[in-house]
Amino acid sequence: MPLSALVLLPLALARAALVALRGRLGALCWSLSPLSLSLPGWRRVSAPSPVASAGPRQQREGDEPTPTPTSVNYHFTRQCNYKCGFCFHTAKSSFVLPLEEAKRGLEMLKEAGMEKINFSGGEPFLQDRGEFVGQLVQFCKQELKLPSVSIVSNGSLIRERWFKKYGEYLDILAISCDSFDENVNVLIGRGQGKKNHVENLHKLRQWCREYAVAFKINSVINRFNVEEDMNEQIKALNPVRWKVFQCLLIEGENSGEDALREAEKFVISDEDFEQFLDRHKDVSCLVPESNQKMRDSYLILDEYMRFLNCRNGRKEPSKSILDVGVEAAIKFSGFDENMFLKRGGKYVWSKADMKLDW
């Protein structure tokens, strides 16, 4: 064999070994990257996120402590069967994550410190006739063992069979009710044909008693209900909490040229809101939330599991926690943890700890 061949042969063998090793490493990395796999019937959609990609801001916030996602509001759908004129999470898409991907994200949040999850929309009972949110509720309580699992709904699509199947896993059901005058509900956009929103509210209250679910009422105070006296009705329903919100404008959602709603006509002044609160000061379960308290004190996940930053009057999305993890995404949420605690965001939220007359 020529001398040149003796020299080149070991080099060729070493090169072949390196190529083979590189191929094996590549295969190993691919197998460890679940995000590179496509799920049947679903294509990952990563919307452009100027907030998440802003380098200078990331450097500025790098020294700040990362917030803990103690309480998270997951708006997993934007679709709704009502047309509330002041809605600030409007139906811009029909996208809903596959169930297993949603569960994966919830597990990531639990590992990051989540204690309470609130499922909202849109209307959460629209998806698979309540089965989707039911399975998420069961997963969070049974598998993740979260102290508190809650839902916010307009209540129009909830049936007793849902309580029979999933009621034991749900801590709190919050029903949106802005008025006890059905004509006002129609004006606001909560009318649905011949169904009576207030009558349905009382039916849901009874089911919550029967199936041991804490009952809560959410009301948005606006131009059409700000003069109403709700003392008698709220005391009769006796919710664990009556959350009273001041009507809020979010550009691109219910305000501005690219919005699907025009909520300006619903807006009330701070003074109007304070007068409403003063009229109901004797309601012990009243929890008031002005625009100032609301804006930066909620952790909101959209349908892609992106945190929404509302600090600039818009909902600017982070990257999805499914793509970059909870810690990286939450830095761009605009979440004010101090304001969350100041507004009473952490309370007795597990039904196991509540002293209730079901």
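Residues numbered from 1 in each chain as written. Predicted model: local features only at pLDDT ≥ 70, side-chain atom pairs only at ≥ 80, totals over all residues. Heavy atoms only, no water.

Per an unreviewed UniProt entry, the chain is named S-adenosylmethionine-dependent nucleotide dehydratase RSAD2, and its organism is Thinocorus orbignyianus. UniProt, in the comment section headed Cofactor (unreviewed entry), describes the chain in these words: "[4Fe-4S] cluster". On record in UniProt, under Sequence similarities (unreviewed entry), the comment for the chain is "Belongs to the radical SAM superfamily. RSAD2 family." (UniProt positions renumbered as here; feature names shortened; annotations may be inferred.)

This brings us to the environment of R159. Considering the arrangement of structural elements, one finds R159 in the loop between β3 (148-153) and α5 (160-166). Between the C-alpha atoms of R159 and W207, which are 48 residues apart in sequence, the distance is 9.3 Å. Excluding residues within four positions of it along the chain, R159 makes contact with K195 and W207. (Helix = DSSP H or I, 4+ residues; strand = E, 2+ residues; numbered from the N terminus. Contact = heavy atoms within 4.5 Å.)

Before going further, it helps to spend a moment on the nonpolar core. Counting residues in hydrophobic clusters, the biggest one holds 68 residues, and the most contacted among them are Y74, L106, I117, F119 and W242. Tallying contributions element by element places helix α4 (residues 131-143) first for this core, with 6 residues. Setting aside chain neighbours within four positions, we find Y74 in contact with L97, A102, L106, I117, N118, F119, S120, L136, L301, D302, E303 and M305. Counting 13 residues, the second largest nonpolar core, distinct from the first, contains C84, I188, F266 and L308. (Core = buried A, V, L, I, M, F, W, Y, C linked by side-chain atoms within 4.5 Å. Buried < 20%, exposed > 50% of the residue type's maximum accessible area, 1.4 Å probe, protein only.)

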